[in-house]
Amino acid sequence: SDEGFLWLATFNGLVRFDGYEFRTFDESNIAGLSSSFILNMAKDSSGTIWVATENEIIKIENNIPQLYLKDIGRNVQFKNTNSGIYAIAGENLYRLEENVWVKSLNLIENRPYQPISYKNELLLLSDDSLFSIKENRLDFKFYKNKLKSLNDGIFSSNNGSNTSYYNYENETLVEIEPNTQFDWYKGQENKDIKSIYHGKNQTTVLTYQDQIEVYINGTKQAFSNNTNLNLGRIEDISISSSGVIWIGTNSTGLFMLYPKIFSNAVDVYHTDNKSGFMVYQSQDSIIWFDQKCDEMLRIKPDNSTESVQTNSCLWTMTEDKFGNLWLGGDNTGVHKLNRKTNRVQFLPFSDDVNGKITFSLFTSASGQVYLGTNEGTFLLENDEFHLIEGSKSLGKIFSFYEDRDHHILACTNEGIVHFKENQINQIFTREKGLPTDDIRSIYQDEDRNYWIGTSQYGLCFFDGFGLVQLPTNDGRLNKNVWCIIEDDMGYFWMNSNQGIYRASRKELIAYVNNQSPGFSSQHYTSADGLANSEGNSRTQNKGFKSYDGKIWFSMISGPACVDPMKIKGLTNENKIVIDNVLIDNKRVSIDEPIVVGPDQNQIQFEFSHPNFYQTQHLRYLYKIEGLDERWFDVGKSRLMTFSELPLGNYKLRIKQVGTEAEATIDFEVEVHFWEKDSFKHTLVFATTALIFFIIFSIWRGRRYGRAQIKKMSGELKSLELRALQSQMNPHFVFNCLSSIQSLYLLGESERANEYLSQFSRLLRIILEHAQKRLISLKEDLDMFKIYVPLEGLQFDEPFEFELTVDENVNTETLFIPSMVTHTFIENAIKHGIKPLKNRKGSLKINVSKTETQVVLRIQDNGIGYEKSLATKTANKRTHKSRGIDITNQRIDILNLLNDLDIQVETNNLKNSKGESKGTEIILYFPIIEDYEDFNR
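Residues numbered from 1 in each chain as written. Predicted model: local features only at pLDDT ≥ 70, side-chain atom pairs only at ≥ 80, totals over all residues. Heavy atoms only, no water.

Novice: What exactly am I supposed to notice about the overall build of the protein chain here?
Specialist: Per the secondary structure count, the protein chain includes 11 helices and 70 strands. Sorting the 936 residues of the protein chain into buried and exposed places 51% on the buried side. (Helix = DSSP H or I, 4+ residues; strand = E, 2+ residues; numbered from the N terminus. Buried < 20%, exposed > 50% of the residue type's maximum accessible area, 1.4 Å probe, protein only.)

Structure (structure tokens):
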């Protein structure tokens, strides 16, 4: 289809393939379909795909099949011509006109017809007779013994002894002669061709009894996986515009063949190279590589080849500024190639390098020739190599590199060596930040970032500030990087001992800079044309980019070449298609607004992305706009699940890493009306306003009733006391409402409802206490029994609570001021017990009595008073709790107006090691037994 899916007609349903997974459509998911026996398919000029079953027609829209027409006739067959699409169903011929199937002709009964497309004409083959359609009638054309259509106007006929081939042209059959204009037919006259398929890119596929041959522009091609295929009987072949060939068979399944990406020198140039130590291009565009131990092969620009005798095993070479080629390898010394005679001569005056093994030869931009051996590094001066002082300890120099600032660097098994003014300037090793000392390659990009290839530690990035090691555990990159070559499109090509890898430099930089959570790559092996997947790892000439933009690699079985533009033609950027949306595992229509209801928790998105090339390395990112603006790496998965999303309108975006392919879909999450912030804010406001109104009314009424009892100074302090009461009660209420709101936000509705019920009881008690200045000790303790468990509901693991009253205390006859004690208990829970991380909380309240005082002792095992103060200071809280301050002020006023002596004592409890283990608050109340006298 236009979106790039592959559609398959099978006995068990219609199958869609996107390169990643197969999805089957049959009676279970196509409404009204009576049979899953799919016969054939066709695509009309608008791109719509039509599917035929035994007596039904299916139409594919938006990548989803839907039943279009029932009971059209038996054994429906489609056929495309340049003038339209036809369908044969039994003895009826139909034509598609403006998306409607119209019967155009009644055929002769009880005869099988095979429709054949030839340009603008529809032909019918039946019982060895060929017919054409003329003005809605059947026109006989030819009869040939065992006449068979091979495809696109090509026919074969067998007379019992041999097979003849014909081309239908100008309404006649013309026999095809050998060596005619049909390139594919050259040499085929003695073969029994079963069918012919033509592609848009001059690709022709010939099928035989149990094999195929592929021709591009008349030239026979080698395709990956094209040997020893158990194809069986081939039913159909499809050739994509990128050259991928799909083969549908009877009983052996589906096959995909794609052109080999790499050209292997062993196959192309018929060399017997089995070593693969080097490949190099000189300035005259000649490509050199070692063929045997005593011979080199050079490929000229006209693609002709020539052997050059060496009489030794050569592993590396370079060209100096005078055009001389220098070669080195085994312990026979360094050789110089006379370009005029092509004779290889031993250098005179080269005693210093004789007997040494040469791993690398390199010419700098200034013309200086460097030579790396197993016994030091040498420089060429006046046709003599001189040892660089101190270089014998450098180990094996696998390659030299000159960066954009003309620094000469050497990759060794002892680290990276920097040469300056023909001397060793600095050596970078693991101790100085490298992941390993075994460095095989280095490359500096146009932004002056360094890319380092290592043994066992993969690819590393260094921008002058810090080194980043790229991941290798997921298969996107290899842990061995022998060389790094950048093509003209900004992609790195890296060979290893397990194939060749390709990755975008732009994507890699975005990944190491945390601008993208992922990157993509491709991995090439013998299936892509490599004679062997192991690359050369130890010599200078591991690979290069040729002057025509191709990439060459030295592999163990000889050089391999790739044209990066071939990759560009194979890859596509088909759009990502969102197939299904499921809410609580039930599919919903994506053509209608998608809403996750209040009683629904989970939404899932399934998507497909048609891409048949290197699909194992495709990676995807997603972002939910309206929730989080970051991109997240979803990896290779095509299913995303989201649960418990907050209320809101969102847009899901899915994109493939490294391309512009992207899909978006909008959806909404709703909640119950009582879970909405607007309702919660209204509830809090209304409750608070009601409490303020009741308290204010009580305060105003009592103000007038007590105006004459106290003198002016006492009345002023009484007003201050009531003002503090009006602050105290809302403070307590707000804390409770905050707990209710937290539970609703966490989705714990059942606990929140229980909390709300208990809170209503507590409100009644508070309102009753607010009218009194003095309450019995029993009333105060009864409030604790409600309040403390309510606070405990906020904890994942409720804290322990213990309330004890000494036997000598009669709580019904002893009175204390209202709204004093609960603030200290609240403080112990929220600032002492709640921050605990490593132990279970505990709150103990004890009431005792002396001769003159009622003693209320509040003890918690929380973080301690001092640590609580330090935590509040460190967190710089914007909300300051005023409960303790207000209570202390009330105690002071009560003491002043009523000649009382209420005292508060705070103790920070510690263990034997001096560590905080909690806080103890002790309240001392004078014994008050006359309730009426105190409140008068």
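From this point on, the discussion continues.
Novice: Help me understand the pattern of salt bridges, please; the structure alone is not making it clear to me.
Specialist: Note on pairing: side chains with opposite charge can pair once their charged atoms come close. All told, the structure shown has 27 salt bridges when counted by the stated rule. The shortest N-O distance in the salt bridge between Glu-306 and Arg-298 comes to 2.9 Å. Looking at Glu-306, the relative accessible area reads 28%, which means it is partly exposed. Here Arg-440 ties to Asp-438 by a salt bridge, and the two come within 2.7 Å at their closest N and O atoms. (Salt bridge = Lys/Arg side-chain N within 4 Å of Asp/Glu carboxyl O.)

Novice: Teacher, can you tell me more about unusual backbone geometry here?
Specialist: Trans is the prevailing form of peptide bonds, just as negative phi is the prevailing case for residues other than glycine. Residue Asn-99 is not a glycine yet carries a positive backbone phi of 70°. Inspection of the secondary structure puts Asn-99 in the loop between strand S10 (92-97) and strand S11 (100-106). You can call Asn-99 partly exposed: its relative accessible area is 32%. With a phi angle near 65°, His-406 is a residue other than glycine that sits in the positive phi range. Summarising the element assignment, His-406 is placed in the loop between strand S40 (397-402) and strand S41 (408-412).

Novice: What am I meant to see in the confidence of the model for the protein chain here?
Specialist: Detail in the predicted coordinates should be disregarded across regions flagged by low pLDDT. Of the residues in the protein chain, 88% reach a pLDDT of 70 or more, and the chain-wide mean stands at 83. Within the model, the stretch residues 876-880 combines pLDDT values under 50 with three contacts to residues more than four positions away or in other chains. (pLDDT = per-residue confidence, 0-100. Contact = heavy atoms within 4.5 Å.)

Novice: Just checking my understanding: could you explain the environment of Asn-574 for this structure?
Specialist: Its location among the elements puts Asn-574 in the loop between helix H3 (564-570) and strand S55 (577-583). Residue Asn-574 is classed as buried on the basis of its relative accessible area, which comes to 17%. Sequence separation between Asn-574 and Pro-610 is 36 residues, and the spatial gap between their C-alpha atoms is 6.2 Å.

Novice: Which parts of the structure should I look at to understand the pairing of strand S3 (residues 22-25)?
Specialist: Each regular strand displays side chains that alternate between the two surfaces of the sheet. The side-chain alternation of S3 yields one buried face, formed by Arg-23 and Phe-25, and one unburied face, formed by Phe-22 and Thr-24. Here four bridges tie strand S2 (residues 13-17) to S3, and the two strands are oriented antiparallel to one another. Within S3, the residue paired with Leu-14 across the bridge is Phe-25. Remark: four residues form the turn of the hairpin made by S2 and S3, two consecutive strands paired antiparallel; Gly-19 in that turn has positive phi of roughly 95°. (Pairing = 2+ DSSP bridges.)

Novice: I'm lost on helix H2 (residues 505-512) in this one. Help?
Specialist: Along an α-helix, a turn takes 3.6 residues, which lines up residues three or four apart on a common side. For H2, the buried fraction is high: six of the eight residues fall into the buried class. Those residues of H2 that fall on the buried side of the exposure criterion are Arg-505, Glu-507, Leu-508, Ile-509, Ala-510 and Val-512. On its buried face, H2 sits against strand S45 (450-454), strand S46 (459-462), strand S47 (467-469), strand S48 (483-486), strand S49 (491-496) and strand S50 (499-504). The first or second residue beyond H2 is Asn-514, which carries a positive phi of 60°.

Novice: I tried to follow the sheet that holds S40 on my own but got confused; where do I start?
Specialist: Note: strands within a sheet are paired through backbone hydrogen bonds, in either parallel or antiparallel orientation. With antiparallel pairing, four strands are arranged side by side in an open sheet as S40-S41-S42-S43. At either end of the open sheet lies a strand with only one pairing partner, and these are S40 and strand S43 (423-428). On average, adjacent strands in this sheet sit at an angle of 25° to one another, irrespective of strand direction. Summarising the sheet, S40 and S41 pair through five bridges and their orientation is antiparallel. Counterpart to Ser-399 in the pairing with S41 is Cys-411. (Axes fitted to C-alpha atoms, helices over the stretch in contact; angles between N-to-C directions.)

Novice: Explain the sheet that holds strand S26 (residues 254-257) here, please?
Specialist: Taken together, three strands build an open sheet; the order of strands is S24-S25-S26 and the sheet is antiparallel. Strands at the two margins of the open sheet, each flanked by one partner only, are strand S24 (233-239) and S26. Sheet twist, expressed as the average angle between the axes of neighbouring strands with direction ignored, equals 20°. Two elements, strand S25 (residues 245-250) and S26, share four bridges in a ladder whose sense is antiparallel. If you follow Ile-245 over to S26, its bridge partner there is Leu-257.

Novice: I keep staring at the packing of aromatic side chains and nothing clicks. Help me out?
Specialist: The description of an aromatic ring pair uses the distance of the two centres, along with the angle that the planes make with each other. Within this structure, the stated rule accounts for 33 aromatic pairs. When the centroid spacing of 5.0 Å and the interplanar angle of 75° are considered together, the rings of Trp-451 and Phe-492 count as edge-to-face. Here Trp-451 is found in strand S45, whereas its partner Phe-492 is found in strand S49, with 41 residues between them in sequence. Look at Phe-492 and you get buried, because its relative accessible area is 0%. Members of the aromatic cluster, connected to one another through ring pairs, are Phe-605, Tyr-622, Phe-632, Phe-642, Tyr-650 and Phe-667. (Phe/Tyr/Trp six-rings, centres within 6.5 Å; stacked < 30°, edge-to-face > 60°.)

Novice: Is there a simple way to explain the pairing of strand S9 (residues 84-89) in this structure?
Specialist: With six of six residues buried, S9 is to be regarded as a mostly interior element. Note that strand S8 (residues 77-81) and S9 share five bridges and pair antiparallel. Residue Lys-79 lies in a different strand from S9, and its bridge partner there is Tyr-86. What sits between the antiparallel neighbours S8 and S9 is a turn of two residues. Alignment of S9 against S10, held across four bridges, turns out to be antiparallel. By the bridge assignment, Ile-88 is partnered in S10 with Leu-93. In sequence, S9 turns back onto S10 through a hairpin of two residues, with Gly-90 there showing a positive phi of about 65°.

Novice: Sorry, what's going on with the environment of Ile-357 here?
Specialist: Within the secondary structure, Ile-357 is located in the loop between strand S35 (343-346) and strand S36 (358-363). You can call Ile-357 partly exposed: its relative accessible area is 26%. Sequence-wise, Ile-357 and Gly-333 are 24 residues apart; in three dimensions their C-alpha atoms are separated by 7.5 Å. Among all residues touching Ile-357, those that are not within four sequence positions of it are Trp-315, Gly-329, Asp-330, Asn-331, Gly-372, Thr-373 and Asn-374.

Novice: Would you take a moment to explain the packing of helix H7 (residues 777-792) against helix H8 (residues 821-833) for this structure?
Specialist: When two helices pack together, you describe them by how their axes are tilted relative to each other and by the distance separating the axes. With their axes 11 Å apart at the nearest point, H7 and H8 run at an angle of 20° to one another. One finds that H7 runs roughly parallel with respect to H8. Two packed elements cross with a definite hand, and for H7 against H8 that hand is right-handed. Here H7 contributes Asp-780, Met-783, Phe-784, Tyr-787, Val-788 and Glu-791 to the contact with H8, which in turn contributes Thr-821, His-822, Ile-825, Glu-826, Ile-829 and Lys-830. The residue makeup of the contact of H7 with H8, split by class, is six nonpolar, two polar and four charged. (Parallel < 35°, antiparallel > 145°, perpendicular 65-115°, else oblique. Left-handed = near helix turned anticlockwise from the far one by under 90°. Nonpolar A, V, L, I, M, F, W, Y, C, P; charged D, E, K, R; others polar.)

Novice: Explain a negative patch on the surface here, please?
Specialist: A contiguous patch of negative charge, built from Asp-796, Glu-797, Glu-800 and Glu-802, is present on the exposed surface. Mapped onto the elements, Asp-796 comes out in the loop between H7 and strand S65 (800-805). The class of Asp-796 is exposed, set by a relative accessible area of 80%. (Patch = residues over 30% accessible without salt bridge, like charges linked within 9 Å, V, L, I, M, F, W, Y side chains within 5 Å. Areas by Shrake-Rupley, 256 points an atom, 1.4 Å probe, with all protein chains shown as cover. Lys, Arg positive; Asp, Glu negative; His and termini not counted. Charge placed at Lys NZ, Arg CZ, Asp CG, Glu CD.)

Novice: Hey, could you run me through the nonpolar core in this one?
Specialist: Across soluble globular proteins, you tend to see nonpolar side chains buried next to one another. Core analysis: the largest hydrophobic core is formed by 51 residues, its most contacted members being Leu-777, Ile-825, Ile-829, Leu-843 and Ile-858. Here this core takes eight residues from H7, the largest share from any one element. Ignoring any residue separated from it by four or fewer positions in sequence, one finds Ile-858 in contact with Thr-821, Phe-824, Ile-825, Ala-828, Leu-843, Lys-844, Thr-919, Glu-920 and Ile-921. Ile-442, Leu-477, Met-494 and Tyr-501 belong to the second-largest nonpolar core, a separate cluster that totals 26 residues. (Core = buried A, V, L, I, M, F, W, Y, C linked by side-chain atoms within 4.5 Å.)

Novice: Whenever I open this one, the side chain of Thr-539 confuses me. Can you help?
Specialist: With respect to the secondary-structure elements, Thr-539 resides in the loop between strand S51 (522-524) and strand S52 (543-545). What makes Thr-539 buried here is its relative accessible area of 2%. Side-chain polar atoms of Thr-539 contact the side chain of Asn-536, separated by 2.7 Å. Once you skip the residues sitting within four places of it in the chain, Thr-539 turns out to touch Phe-277, Trp-315, Phe-359 and Phe-398. (Polar contact = N/O pair within 3.5 Å; in protein donor to acceptor, adjacent residues only side chain to side chain.)

Novice: Looking at this model, I keep getting lost on the environment of Leu-836. Mind explaining?
Specialist: Inspection of the secondary structure assignment puts Leu-836 in the loop between H8 and strand S67 (842-849). In this structure, the C-alpha to C-alpha distance between Leu-836 and Gly-862, residues 26 residues apart in sequence, is 6.2 Å. If sequence neighbours within four positions are ignored, Leu-836 has contacts with Gly-841, Asn-861, Gly-862 and Ile-863.

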